[in-house]
Amino acid sequence: MALPARLTAALGRHPDHLTEDDLQRAVDSEIPEGIDLDWKKEFYQGTEAGKKELAKDVSAMANTAGGMVVIGVDDGNQDHAHALAPVEPVPGRGEEWIRSVLANWIQPVIPNVGVRVVKSAVEEGRMYWLLTVPPSPQAPHAVAAPGNDYHFRVHVRNGTTTRTLAESEIAQRYRDRFQAASDDVDRLHQVADAGLGYLSSYLTSTEHGGSPRTTYYPAWVTLAAVPAVRGTYPLTTQAERNAAFDRFVNLAREGITTRVQPERPVLVGRRQARFEGTPTGQLHQDGSFYAALTLQLTNDHFDSDGPNRLSQRALELDLVALVQAAAAWAAETGAAGDLMLSAALHRYDGSDKLVRLVVSDSAFEHGAPTRLPATPAQTTADLAAVINDKREAVVAAWALVSDLLADMGSHQPHALTPEGDILIDRLNPEFRHALTG
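Conventions and cut-offs
Residues numbered from 1 in each chain as written. Predicted model: local features only at pLDDT ≥ 70, side-chain atom pairs only at ≥ 80, totals over all residues. Heavy atoms only, no water. Salt bridge = Lys/Arg side-chain N within 4 Å of Asp/Glu carboxyl O. Buried < 20%, exposed > 50% of the residue type's maximum accessible area, 1.4 Å probe, protein only. Core = buried A, V, L, I, M, F, W, Y, C linked by side-chain atoms within 4.5 Å. Helix = DSSP H or I, 4+ residues; strand = E, 2+ residues; numbered from the N terminus. Pairing = 2+ DSSP bridges. Phe/Tyr/Trp six-rings, centres within 6.5 Å; stacked < 30°, edge-to-face > 60°. Contact = heavy atoms within 4.5 Å. Polar contact = N/O pair within 3.5 Å; in protein donor to acceptor, adjacent residues only side chain to side chain.

**Q** What's the story with the pattern of salt bridges in this structure? I'm lost.
**A** As a working rule, side chains carrying opposite charge can pair if their charged atoms are close by. Evaluated as defined, the whole model comprises 17 salt bridges. The partner of Asp22 in a salt bridge is Arg13, and the shortest N-O contact between them spans 3.0 Å. For Asp22, a relative accessible area of 3% translates into the label buried. Look at Arg13 and you get partly exposed, because its relative accessible area is 34%.

**Q** Explain the nonpolar core to me, please; I cannot follow it from the model alone.
**A** As a rule of thumb, soluble globular proteins bury nonpolar side chains together. Ranked by internal contacts, the top residues of the largest apolar core, which has 62 residues, are Leu223, Phe248, Phe289, Leu319, Val323 and Leu341. Sorting elements by how many residues they give to this core places helix α7 (residues 312-332) first, with 13 residues. Listed in part, the 24 residues of the second largest apolar core include Met61, Ile106, Val113 and Val115.

**Q** What exactly am I supposed to notice about the sheet that holds strand β10 (residues 161-164) here?
**A** The pairing of strands in a sheet happens through backbone hydrogen bonds and is either parallel or antiparallel. If you trace the 4 strands from one edge of the open sheet to the other, you get β5-β8-β9-β10, paired in antiparallel fashion. Since the sheet does not close on itself, it has two edges, and those belong to β5 (106-107) and β10, each with one partner.

**Q** Would you mind showing me how to read the packing of aromatic side chains here?
**A** Remark: the centre distance and the inter-plane angle together describe each pair of aromatic rings, the angle taken between the planes. Applying the stated rule across the entire model yields 9 aromatic pairs. For the pair Phe43 and Tyr44, a centre-to-centre distance of 6.3 Å together with 70° between the ring planes defines the contact as edge-to-face. As far as burial versus exposure is concerned, Phe43 and Tyr44 are alike and both buried. Arranged with centres 6.0 Å apart and planes meeting at 45°, the rings of Phe43 and Trp97 form a pair that is tilted. One end of the pair, Phe43, is in the loop between β1 (37-40) and α3 (48-63); the other, Trp97, is in helix α4 (residues 95-105), and 54 residues separate them in sequence.

**Q** What's the story with the environment of Gly287 in this structure? I'm lost.
**A** Tracing the backbone through its elements, the reader meets Gly287 in the loop between β14 (280-284) and β15 (289-294). When the C-alpha atoms of Gly287 and Leu339 are compared, they prove to be 9.9 Å apart, with 52 residues separating the residues in sequence. Contacts of Gly287, omitting those with residues within four sequence positions, involve Pro227, Trp329, Ala330 and Thr333.

**Q** What exactly am I supposed to notice about the environment of Arg274 here?
**A** Mapped onto the fold, Arg274 is located in strand β13 (residues 272-275). Placed 178 residues apart in sequence, Arg274 and Glu96 show a C-alpha to C-alpha distance of 43 Å. Residue contacts for Arg274: discarding those within four places in its chain leaves Tyr198, Pro265, Val266, Leu267, Val268, Gly269, Gly281 and Gln282. Polar contacts involving the side chain of Arg274 include one to the side chain of Gln272, which spans 2.6 Å.

**Q** I tried to follow the pairing of β14 on my own but got confused; where do I start?
**A** Each regular strand shows side chains that alternate between the opposite faces of the sheet. Here β14 lies mainly inside the structure; 5 of its 5 residues are buried. Going residue by residue along β14, you find Thr280, Gln282 and His284 tucked away on one face and Gly281 and Leu283 tucked away on the opposite face as well. Here β13 runs beside β14; their pairing, made up of 4 bridges, is antiparallel. Paired with Ala273 across the strands is Leu283, a residue of β14. For β14 and β15, the ladder comprises 4 bridges, and the chain directions are antiparallel. Of the residues in β15, the one forming a bridge with Gly281 is Ala291. Linking β14 to β15, which pair antiparallel, is a turn of 4 residues; within it Gly287 sits at a positive phi near 95°.

Structure (structure tokens):
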């Protein structure tokens, strides 16, 4: 989860891993409150006022810079950690209650709020609540009682307190949101164009003599991805690029196939790590991603001059693996929010030869001859959902491949479903063997 770097620096470790000892050190160091940190002695009341206060505190964090609300640390009315005050569990007011209040009292709903309990070893039976709130790309978030949409307020953190925005400030926040969405689209095009240019240079190069690589690998599928809340991962030195590459190799190994796992060497790029081969790609410092895989394109055994055969099942599985790899890299950099995805098919050998989709080697009829689509397919996925559930990666890949296949005259994917399933019985032994799980 992308949270202000000041929190980790001040508390000594990432908020997701804080212990009671860390909270005690915060007290001993008198760590102050700020726009990203709020110490609270008491748990929220179950009244309307208590629910409103909870929604107000969390939405103010999301509307500002993100941060954390810690329940069970007394600030002593001095705006800094003064003493540990773990709270007793309240029947009916646990994590489910907190999430219900946030869902019903905040519009729009704030994605990816973390709710975590730290049990106290000092006072048995008591606990601390840690609410971690990422900066939200959907801000501003307003607070309103359920069913009362006409009386809402937008709050932000102001130093150690929370204040209400004026109408003109709210209007500016909405303009900022729409501008951010436009910036995301521009960034996605930038990443895709830069990646495509890099891939083209790699495939057409003849610096080592012989034929260009397009002779052997004429067609590719590419995926560009940009997170709504950018991450940060240092990629300015060789050591940093090597470390990022090694980490990404491990992440790519966890996909449904290992096709997106790159090979050395790690190449230089401005604030990015590059790699060539299959796959070819770029890992950007802000969590953006670009990668390309070869399409399984073969000649027709019965008609060598006829259309090439394109394996539809291979394309579908490759897109799932690419989506997983893009999400894994974004999360590794600390990115959050939605993940914008753009997939495209490219042919580099200059041939105007048509292709024919093949869903199965044993299928009696194949698709009509067509060209690779000229327009990319785009979709948006929830980054946290894709990371936590492989089915969400399948759903995103299904949306992308459905549009690409529609441009080629195919009604729908063969092995993927919109519910996030992979129809294993439609895969031959080779494809089943390639699946990691």
